[in-house]
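# Tertiary structure, described
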Amino acid sequence: MKKNEIVRLKIDGITNEGNGVGRFEGMAVFVPFTAVGDEIMCRIVKVNKSFAYAIVESVLSPSVDRIEPDCNVYKRCGGCSFRHLSYSAELSAKQSFVRDAFERIGGLEIPLDEISGCNEVYHYRNKAQYPVCERDGKLACGFYSKRSHRVVDNNCCLLQPEVFNEIAERTVELLGRSGFTAYNEQSGRGDVRHIYIRSGYYTKEIMLCVVAAKNDKRFKSALQKLPESFPQIKSIVLNINPDRTNVVLGKRNELLFGDEHITDTICGNKVLISPHSFYQINTPQAEKLYAQVSEYADLSENETLLDLYCGIGTIGMSLYDSVNKLIGVEIVPDAVKNAKENARLNGFDAQFICADAAEGAARLIKSGQTPDVIVADPARKGCDKQTLDAMLSMSPEKIVMVSCNPSTAARDIKYLCENGYKAVKGRAVDMFPRTAHVECVVKLKRK
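The structure contained in this document is the topic of the report that follows. (Residues numbered from 1 in each chain as written. Predicted model: local features only at pLDDT ≥ 70, side-chain atom pairs only at ≥ 80, totals over all residues. Heavy atoms only, no water.)

Our next topic: the packing of aromatic side chains. Any two aromatic rings considered together are summarised by their centre-to-centre distance and by the angle between their planes. In this structure the tally under the stated criterion is nine aromatic pairs. With a centroid separation of 4.2 Å and an interplanar angle of 20 degrees, the aromatic rings of Tyr320 and Phe348 are classed as stacked. With Tyr320 in the loop between helix 6 (314–318) and strand 18 (325–330) and Phe348 in the loop between helix 7 (333–345) and strand 19 (351–354), this residue pair connects regions lying 28 residues apart in the sequence. Residue classification places Phe348 among the buried positions, given a relative accessible area of 14%. One aromatic cluster is present, built from ring pairs that chain together Phe30, Phe51 and Tyr53. The ring of Phe180 is capped by Arg218, whose NZ or CZ atom sits 4.2 Å from the centre of that ring. (Phe/Tyr/Trp six-rings, centres within 6.5 Å; stacked < 30°, edge-to-face > 60°. Helix = DSSP H or I, 4+ residues; strand = E, 2+ residues; numbered from the N terminus. Buried < 20%, exposed > 50% of the residue type's maximum accessible area, 1.4 Å probe, protein only. Lys NZ or Arg CZ within 6 Å of the ring centre and 35° of its normal.)

Take a look at the structure:
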């Protein structure tokens, strides 16, 4: 097989990155924007020793799962992977991603309940980050193309609420009029890095956060009239990020308008959301996820629950009425502050510790506090060994693992199963329709 060679291919699988895969003369060929069952002519664009990448030249016979993409920039923007697939086919693929990760990485045969699909696959996100660039001498914003920092214009994203796109466009227009420039990652020069928007799903309150390389008093005057056009905006924050990094938010915030936070409710509990707070981006689906956690945790009123990586406390608070004591551990100070305020708002007597998961667990062990149940919801990288060992040393009766990365979840669950626990059952939850991401929940019991 050679580069630019055109071959006929039958797609018989799909990877967890969303690429179709077929075999040509025994070699795996990965082709984006294809569906299982497609018969295609494709052009080879890269050849490695045991696999190759290709792009579609023509579809000879389409899969029954193939649909017409409904986004003009779908193939250039890095946001979605499955706009060419029916939603039922997407759910089937995601169920396979989770099962395959558990079997291949963890060597685990965990009984999986049917994947929990999303009722709404459009405009479901409550958060959006728009990188800012300059286009034809003017400020513009959009989304990064896949595996790059090249900004693709997208003023009608189907994942974000329509008002997000309108606010982002109006914001860059006002900033451009005031003479602000786009930050250049290569040179480190320029002003505006990102437009970052958050909203409350139930309250409809919106926070606009402008991420800039440095503080400038002109930001306030440039944006002060924006809430007149968008009364949903309850907070405008300037986030200062002077570092040469691809991390979106800096450490310092300046309030330009309104409140330092917005509010929402989840599982009936009031929550405060600040720029740095972790908050599930799909609120109705998060409520389904938390209900699944509750079912697997199977709590009783005399038990102590430890919520590791608790963020602003939403998982633990959704379970508060079912336990005797709630303890949360989180490393982000602003999130811990929000968690304490959220507990107070809802009349909950909960304990929150600001520390990384391993240190927080160690503190609890030292103080003699041992939970009966642990719920852990780490970031994509999963748990480190120190945290897993701390969890094991507390010897809870049950552990519920929540993860947005089935691969690291499989690795961590394997370690727990090798050290005294059994994975009883699990479930995939589609928190992010039309993207390649999928959440999973697994129940473990002490042997």
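Having seen the structure, we can now continue with the description.
To continue, consider the layout of surface pockets. If you add up the space inside the second largest pocket, you get close to 430 Å³. Ranked by residues supplied to the lining of the second largest pocket, first place goes to strand 6 (residues 51–61) with three residues. Considering only residue class, the lining of the second largest pocket consists of nine nonpolar, five polar and six charged. (1 Å grid on protein atoms, 1.4 Å probe; cavity = no way out; pocket = protein on both sides within 12 Å on 5 of 7 lines; lining within 4 Å. Points joined across faces, edges and corners; volume = space filled by probe spheres on them. Nonpolar A, V, L, I, M, F, W, Y, C, P; charged D, E, K, R; others polar.)

Attention now goes to the pairing of strand 23 (residues 439–446). Most of strand 23 sits out of view: six of its eight residues are buried. Bridging between strand 22 (residues 421–429) and strand 23 involves eight bridges; their strand directions are antiparallel. Bridge assignment links Val429 to a residue of strand 23, and that residue is Glu439. (Pairing = 2+ DSSP bridges.)

Another point: the packing of helix 9 (residues 385–394) against helix 10 (residues 406–417). Two elements in contact, helix 9 and helix 10, have axes separated by 11 Å at closest approach and are oriented at 40 degrees. With respect to helix 10, the element helix 9 is oriented oblique. Of the two elements, helix 9 crosses helix 10, and the hand of that crossing is right-handed. Counting all contacts with helix 9, which are made through Lys385, Leu388, Asp389, Met391 and Leu392, the residues of helix 10 involved are Asp412, Tyr415 and Leu416. Residues belonging to the contact of helix 9 with helix 10 are distributed by class as follows: five nonpolar, no polar and three charged. (Axes fitted to C-alpha atoms, helices over the stretch in contact; angles between N-to-C directions. Parallel < 35°, antiparallel > 145°, perpendicular 65-115°, else oblique. Left-handed = near helix turned anticlockwise from the far one by under 90°. Contact = heavy atoms within 4.5 Å.)

As a further point, take the sheet that holds strand 9 (residues 138–144). Ordered by their spatial adjacency, seven strands build an open sheet running 10-9-8-11-12-13-14, and the pairing between neighbours is mixed. The sheet is open, and its two edges are formed by strand 10 (151–153) and strand 14 (252–258), each paired on a single side. Sheet twist, expressed as the average angle between the axes of neighbouring strands with direction ignored, equals 35 degrees. By the bridge criterion, seven bridges tie strand 12 (residues 206–212) to strand 13 (residues 233–240) in an arrangement that is parallel. Looking across to strand 13, one finds that Cys209 is bridged to Val237. Most of the contacts of helix 2 (residues 162–177) go to strand 11 (residues 192–199), to which it runs at about 145 degrees, and overall it touches strand 8 (127–135), strand 9, strand 11, strand 12 and strand 13.

To continue, consider the side chain of Asp412. Residue placement: Asp412 occurs in helix 10. Beyond its immediate stretch of four places on either side in the chain, Asp412 contacts Gly382, Cys383, Leu388 and Met401.

Now for the nonpolar core. If you look at the biggest cluster of nonpolar residues, it comprises 85 residues, and the most contacted ones within it are Tyr130, Leu175, Ile195, Ile197, Val210, Phe219 and Leu223. Excluding anything up to four places from it in sequence, Leu223 contacts Thr171, Leu174, Leu175, Val210, Ile236 and Leu256. The next biggest cluster of nonpolar side chains, apart from the first, holds 41 residues, and it includes Phe102, Leu308, Ala357 and Leu392. (Core = buried A, V, L, I, M, F, W, Y, C linked by side-chain atoms within 4.5 Å.)

Let us now look at the pattern of salt bridges. A complete count under the given rule lists 18 salt bridges for this structure. Between Asp153 and Arg135 there is a salt bridge whose closest N-O contact spans 2.9 Å. Here Asp153, found in strand 10, pairs with Arg135, found in strand 8; they are 18 residues apart in sequence, far enough to count as distant. Given a relative accessible area of 32%, Arg135 falls into the partly exposed group. The residue Asp389 makes a salt bridge to Lys385 at a minimum N-O spacing of 2.8 Å. One end of the pair is Asp389 and the other is Lys385, both in helix 9 and four residues apart, which spans about a single turn. Taking the relative accessible area as the measure of exposure, Asp389 reaches 28% and is therefore partly exposed. Among the charged side chains, a salt-bridge network with shared partners connects Glu90, Lys94, Asp430 and Arg434. (Salt bridge = Lys/Arg side-chain N within 4 Å of Asp/Glu carboxyl O.)

Honestly, that's just the spatial picture; any functional story needs more than this.
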